[in-house]
Amino acid sequence: MNWFGGVYKDTKPQNFFARFGTDPDEFFDVYPELSLPKDQEEAWKKDRAGCVADAELAKKYGWKLGDRIVMEGDIYPIRLELTLRGIFTAKLPNNSLYFNEKYVEEECRFAKGNAGFYAILVDSPKM
């Protein structure tokens, strides 16, 4: 996964939320505590410019499925024009938005094949 950073609407603190590029094919397998309807997950996987958002975040901004969410990059010098394909619920709201990392990699060569961090799912924390 990669932290995108960027600006949504403006730089006011109330418009800050976490924005990550990730792999839609694996994301919900690694985060079983997040719940997304299967049809929305499939729609996200099929749309390179699609994204999914936490339900509380979507509520805050009044986002609905199909809405366009535009962010200006700061770390990555691109403008992300995303379409909301899914709204997930979480046991603890995480106020995050996730999109396909390939979108950024296609626009920024230096991003291709790089990861900021990895998320893994283990069978058991016991050794």
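All of the points below concern the structure found in this document.

Rules of the game
- Residues numbered from 1 in each chain as written.
- Predicted model: local features only at pLDDT ≥ 70, side-chain atom pairs only at ≥ 80, totals over all residues.
- Heavy atoms only, no water.
- Pairing = 2+ DSSP bridges.
- Helix = DSSP H or I, 4+ residues; strand = E, 2+ residues; numbered from the N terminus.
- Buried < 20%, exposed > 50% of the residue type's maximum accessible area, 1.4 Å probe, protein only.

1. Side note on the pairing of strand S7 (residues 79-90)
Then comes step 1: Pairing between strand S4 (residues 34-35) and S7: two bridges, direction antiparallel. When the bridges of S7 are listed, Ser35 appears paired with Thr89.
Then comes step 2: For strand S5 (residues 50-54) and S7, the ladder comprises five bridges, and the chain directions are parallel. Bridge pairing in S7 links Asp54 to Phe88.
Then comes step 3: By the bridge criterion, five bridges tie strand S6 (residues 68-72) to S7 in an arrangement that is antiparallel.

2. Section: the side chain of Thr83
Then comes step 1: One can find Thr83 in strand S7.
Then comes step 2: The exposure class of Thr83 is buried, given its relative accessible area of 7%.

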